[in-house]
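# Structural characterization, general
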Amino acid sequence: KAGVTQTPRYLIKTRGQQVTLSCSPISGHRSVSWYQQTPGQGLQFLFEYFSETQRNKGNFPGRFSGRQFSNSRSEMNVSTLELGDSALYLCASSLAGQGSGLNTEAFFGQGTRLTVV
Amino acid sequence: AQKITQTQPGMFVQEKEAVTLDCTYDTSDPSYGLFWYKQPSSGEMIFLIYQGSYDQQNATEGRYSLNFQKARKSANLVISASQLGDSAMYFCAMRAHSNDMRFGAGTRLTVKP
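Here is what the cut-offs are and how they apply
- Residues numbered from 1 in each chain as written.
- Chains lettered and ligands numbered in written order.
- Predicted model: local features only at pLDDT ≥ 70, side-chain atom pairs only at ≥ 80, totals over all residues.
- Heavy atoms only, no water.
- Contact = heavy atoms within 4.5 Å.
- Buried area = accessible area lost by both parts, 1.4 Å probe.
- Salt bridge = Lys/Arg side-chain N within 4 Å of Asp/Glu carboxyl O.
- Helix = DSSP H or I, 4+ residues; strand = E, 2+ residues; numbered from the N terminus.
- Nonpolar A, V, L, I, M, F, W, Y, C, P; charged D, E, K, R; others polar.
- Buried < 20%, exposed > 50% of the residue type's maximum accessible area, 1.4 Å probe, protein only.
- Lys, Arg positive; Asp, Glu negative; His and termini not counted.
- Polar contact = N/O pair within 3.5 Å; in protein donor to acceptor, adjacent residues only side chain to side chain.

### Description of the interface of chain A and chain B
Across the boundary between the two partners, chain A contributes 23 residues, which contact 22 residues of chain B. Taking both sides of the interface into account, the surface hidden between chain A and chain B amounts to around 1700 Å²; carbon and sulfur atoms contribute 56%. Three residues stand out in chain A for area buried against chain B, namely Leu43(A), Leu102(A) and Phe108(A), and they jointly supply 32% of the buried area on that side. Counting every contact that joins chain A to chain B gives 0 salt bridges. Only β4 (31-38), β5 (42-50), β6 (53-57) and β9 (87-94) of chain A provide two or more residues apiece to the side of chain A that touches chain B. The element best represented in the side of chain A that touches chain B is β5(A), accounting for 4 residues. Its residues assigned to classes, the side of chain A that touches chain B shows 9 nonpolar, 10 polar and 4 charged.

The following block contains the structure:
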């Protein structure tokens with residue numbers, strides 16, 4: 001079974017530009033979550049999608065948005081990039097909400113490292 | 001709202017000794033799950049251990065055990081017989097009714113030979 005796939009692995013963008021990151025979950029997983037990881041801040045929760053609907057949202061500005069497609073693949077978009085958006089963006093998929101209970105493990109992709117210059 | 005706190009930015013341990021990584025949490029949900037993940041320098045997130053809020057016994061997985069004190073809202077990870085390969089970032093996380101998983105800031109563990 002293939003794991004969670006994130007593309008691209010690395011990105012360099014200029015301030016003011018916008019960027020789209022992609023995440024393909026494990027087959028059968030309908031929940032996809034996005035996290036921003038910066039040194040000292042841990043994993044900051046961005047949002048979670050389930051069956052094409054945003055189910056939960058973290059405390060990030062509206063420049064951060066996402067969507068999920070009918071095949072559960074998800075994209076996140078950051079508009080008007082700022083230097084502070086430089087981070088590792090991690091995507092995780094799980095069976096959460098599919099009757100599996102709270103002990104459902106989240107499976108992570110390798111992440112996309114975004115550098116804003 | 002859920003909140004996870006890891007107060008140790010960095011920890012050192014001698015090889016073959018045990019180490020405890022602290023995690024406290026806050027939630028108003030009576031039902032929740034607690035997780036620990038390891039992130040080596042390569043960046044991947046590796047699931048280590050899980051504890052449910054209603055579990056009567058502390059979870060154990062090989063050299064990993066979870067010291068769960070529900071009244072204190074703490075879920076500390078204990079690694080026994082530390083190995084050099086245990087050097088990594090360790091994250092505590094919680095999943096409650098909202099189904100999304102929230103993480104702490106992490107602890108960087110360094111195992112010294």
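Still more to cover.
### So, the side chain of Lys38(B)
Residue and element names in this part refer to chain B. Considering the arrangement of structural elements, one finds Lys-38 in strand β5 (residues 33-39). At 4.2 Å, Asp-86 is the nearest oppositely charged side chain to Lys-38, a buried residue that forms no salt bridge. In terms of polar contacts, Lys-38 uses its side chain to reach the backbone carbonyl oxygen of Gly-85, at 2.9 Å. Non-local contacts of Lys-38, meaning those with residues more than four positions away in its chain, are made with Glu-44, Met-45, Ile-46, Leu-48, Tyr-64, Gly-85, Asp-86, Ala-88, Met-89 and Tyr-90.

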